[in-house]
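Chain residues, written in single-letter form:
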Amino acid sequence: MANYTISVIHGDGIGQEVGVEGVRVMQAIGEKFGHTFTFPEYLAGGAALDAHGVPLPDDTLKGVKDSHALLFGAIGGPKWEKVAHHLKPEAGLLKLRKELGAFANLRPAVVFDELLDASTLKPEVLRGTDIMVLRELTGGIYFGTPRGIDGEGPQRRGYNTEVYHVYEIERIAKMAFEIARGRRKKVCSVDKANVLESSQLWRDTVIGVAKAFPDVALSHMYVDNAAMQLIRDPKQFDVIVTGNIFGDILSDESSQLTGSIGMLASASVGGPVGFFEPIHGSAPDIAGQQKANPLAMIGSAALLLRYGLKLEAEAIAIEAAIRAVLKDGKRTGDIKQAGLPVLTTRQMADAVLGHLRAK
Ligand code: IPM
Ligand code: MG
């Protein structure tokens, strides 16, 4: 039993409506397990741009740093596509990751038997898939310098820099091996070492870190092959560890194994305050219509409890409730199935709450 301050950033688009459900589920967990959660709310992304002219206001950053963990919805939308690069909602999210020192992004992709038919891939390829994509989150081409656009006419050029330091690779590799120890003890490191020097250093460094983990099997894969293997035979993977941009791409790809990006939660950890967000974006096309699947958000609340607050039983309770509602045939539009009604965001969350309160 304890008191926790959980900062909440709903953000833009469907971030609002799924965020509210994430908070309701955490409140139910508080009642069930005797914790007191308080949920101060802060602005970020487009909502913050509209209100304060910046995508990450100082008081948001301060509030988040003063909390035990951050529950984050989604940011961005067509309304802000034309604003200057450094003011884009996405720039706010990247700054938040960097400021929080959240260098490790865990994106579990678990295929539930109940949703085998929701994916475009064949059920026999998918059944039993359980992958942890571990994405480096505060380095690589997202943050490397030099970067920019300059020059004139046909000589005008845009450029970015993919750069990794040994210390950045070591800490994410170490985390990959530690996570694998709690799973099936396999790490696949994904890079492009046949072309990129940064990837060569990545591979050499991962091999060095592996020496301290002789009980974990390490393999390496080029990113193009990994993209293919993920849909050819996803069950071969346990933990995938990779850099920022490869992880961005491969985690979206993995989400399709589960049937819908609306199912995937994530945890961004490594600094003093972890933050937890669905991997889907703000989906402006369906925002405000109660069509969004709240399970990625609710799953993110489970990860917050597990990794942010070290409350494993509480995390398991949420994950069990998610499985139970899927078993009960509860479906939102993104995972709809013939013969089953399509629920609203609220109805799906209510179903989860029903299971949490029942036991
Ligand atoms: C993600 C998103 C972000 C990223 C965007 C919104 C900046 O795609 O979290 O995967 O590229 O990291
Ligand atoms: Mg992405």
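Residues numbered from 1 in each chain as written. Chains lettered and ligands numbered in written order. Predicted model: local features only at pLDDT ≥ 70, side-chain atom pairs only at ≥ 80, totals over all residues. Heavy atoms only, no water.

Q: So what's going on with the overall build of the protein? Which residues, and what values?
A: Secondary structure assignment for the protein yields twelve helices and twelve strands. Taken over C-alpha atoms, the radius of gyration comes to 20 Å for the protein, in line with the 21 Å a tight globule of 359 residues would show. Seen along its three principal axes, the alpha-carbon backbone of the protein occupies a region of about 55 × 50 × 40 Å. For the protein, the proportion of its 359 residues judged to be buried stands at 52%. For the protein, the share of sequence-separated contacts (at least 6 apart) that also reach a separation of at least 24 residues comes to 75%. Surface exposure of the protein reaches about 15,400 Å², of which carbon and sulfur atoms provide 56%. For the protein, the separation between the mean place of its 40 positive charges and that of its 42 negative charges on side chains is 3 Å. (Helix = DSSP H or I, 4+ residues; strand = E, 2+ residues; numbered from the N terminus. Rg over C-alpha atoms; globule rule 2.2 N^0.38 Å. Buried < 20%, exposed > 50% of the residue type's maximum accessible area, 1.4 Å probe, protein only. Contact = heavy atoms within 4.5 Å. Areas by Shrake-Rupley, 256 points an atom, 1.4 Å probe, with all protein chains shown as cover. Lys, Arg positive; Asp, Glu negative; His and termini not counted. Charge placed at Lys NZ, Arg CZ, Asp CG, Glu CD.)

Q: Which residues make up the nonpolar core, and what are the values?
A: In terms of nonpolar packing, the biggest core is built from 73 residues, with I6 and L71 touching the most fellow members. Two domains each provide a minimum of three residues to this core, namely domain 1 (1-103 + 261-359) and domain 2 (120-258). With near-sequence residues (within four places) excluded, I6 lies in contact with M26, F37, T38, F39, P40, A69, L71, L304 and L309. (Core = buried A, V, L, I, M, F, W, Y, C linked by side-chain atoms within 4.5 Å. Domains from an automatic or database assignment.)

Q: Outline the site of ligand 1, listing residues and values.
A: Neighbouring ligand 1 are the residues E90, R97, R107, R135, Y142 and D248. Within the contact set of ligand 1, an oxygen atom lies 2.7 Å away from a side-chain nitrogen or oxygen of R97. In this structure, R135 approaches ligand 1 through a side-chain N or O atom, which is 2.8 Å from an oxygen atom. Across the complex, the protein chains shield 75% of the 320 Å² of accessible surface that ligand 1 would expose by itself. Judged by its atoms lying within 2 Å of the grid points, ligand 1 is housed in the largest pocket. The residue inventory of the shell around ligand 1, partitioned by class, reads one nonpolar, no polar and five charged. (Near = heavy atom within 4 Å. Polar contact = N/O pair within 3.5 Å; in protein donor to acceptor, adjacent residues only side chain to side chain. 1 Å grid on protein atoms, 1.4 Å probe; cavity = no way out; pocket = protein on both sides within 12 Å on 5 of 7 lines; lining within 4 Å. Sits in = over half its atoms within 2 Å of the grid points. Nonpolar A, V, L, I, M, F, W, Y, C, P; charged D, E, K, R; others polar.)

Q: Any chance you could break down the packing of aromatic side chains for me, citing the residues and the numbers?
A: Summed over all chains, the structure comprises five aromatic pairs. Both rings, one in F72 and one in F275, keep their centres 5.9 Å apart while their planes meet at 55°; by these two values the pair is tilted. One end of the pair, F72, is in strand β3 (residues 69-74); the other, F275, is in strand β12 (residues 274-278), and 203 residues separate them in sequence. Linked through ring pairs, Y4, F37 and F39 together constitute an aromatic cluster. Positioned above the aromatic ring of Y142, the side-chain terminus of R135 is 5.3 Å from the ring centre. The ring of F103 is capped by R171, whose NZ or CZ atom sits 4.3 Å from the centre of that ring. (Phe/Tyr/Trp six-rings, centres within 6.5 Å; stacked < 30°, edge-to-face > 60°. Lys NZ or Arg CZ within 6 Å of the ring centre and 35° of its normal.)

Q: Residues and numbers for the domain arrangement of the protein, please.
A: Here the domain parsing of the protein yields domain 1 (1-103 + 261-359) and domain 2 (120-258). The straight-line distance from the C-alpha centre of domain 1 to that of domain 2 is 24 Å. Of the residues lining the interface, 13 residues belong to domain 1; the matching set on domain 2 comes to 16 residues. Of the roughly 1,300 Å² buried at the junction of domain 1 and domain 2 (both faces included), carbon and sulfur atoms supply 67%. Across the domain 1-domain 2 interface, the total number found is zero salt bridges. Across the domain 1-domain 2 interface, the total number found is two residue pairs in polar contact (both at pLDDT 80 or more). For the side of domain 1 that touches domain 2, the leading source of residues is helix α4 (residues 89-99), giving three residues. Grouping the amino acids of the side of domain 1 that touches domain 2 by side-chain chemistry returns nine nonpolar, two polar and two charged. (Buried area = accessible area lost by both parts, 1.4 Å probe. Salt bridge = Lys/Arg side-chain N within 4 Å of Asp/Glu carboxyl O.)

Q: Lay out empty space enclosed by the protein with the relevant residues and their values.
A: Taken as a whole, this structure holds two cavities of 30 Å³ or more when the rule is applied. In this model, the largest cavity occupies a volume close to 50 Å³. What lines the largest cavity is simply E162, Y164, V190, D191, S198, S199, W202, T242, G243 and F246. Taken together, the elements giving at least two residues each to the lining of the largest cavity come down to β8 (186-191) and α7 (197-210). Of the volumes computed, that of the second largest cavity is approximately 30 Å³. No other element matches α4, which puts four residues into the lining of the second largest cavity. Residues of the lining of the second largest cavity, tallied by class, amount to eight nonpolar, two polar and no charged. (Points joined across faces, edges and corners; volume = space filled by probe spheres on them.)

Q: Give me the lowdown on the packing of helix α11 (residues 312-327) against helix α12 (residues 345-358), citing residues and values where you can.
A: At a minimum axis separation of 9 Å, α11 and α12 run at an interaxial angle of 120°. The angle between α11 and α12 falls in the class oblique. You can see that α11 and α12 cross each other, and the crossing is right-handed. Counted together, A317, I318, A321, A324 and V325 of α11 and M348, A351, V352, H355 and L356 of α12 form the full contact between these two elements. Split by residue class, the contact of α11 with α12 holds nine nonpolar, one polar and no charged. (Axes fitted to C-alpha atoms, helices over the stretch in contact; angles between N-to-C directions. Parallel < 35°, antiparallel > 145°, perpendicular 65-115°, else oblique. Left-handed = near helix turned anticlockwise from the far one by under 90°.)

Q: Tell me about the pairing of strand β4 (residues 104-110), and please be specific about residues and values.
A: Burial runs high along β4: six of the seven residues are buried. The pairing of β4 with strand β5 (residues 130-136) spans seven bridges and is classified as antiparallel. When the sheet's bridge partners are listed, A109 is paired in β5 with I131. Relative to strand β11 (residues 265-269), β4 is paired through three bridges, and the arrangement is antiparallel. By the bridge assignment for β11, A104 is matched with V269. (Pairing = 2+ DSSP bridges.)

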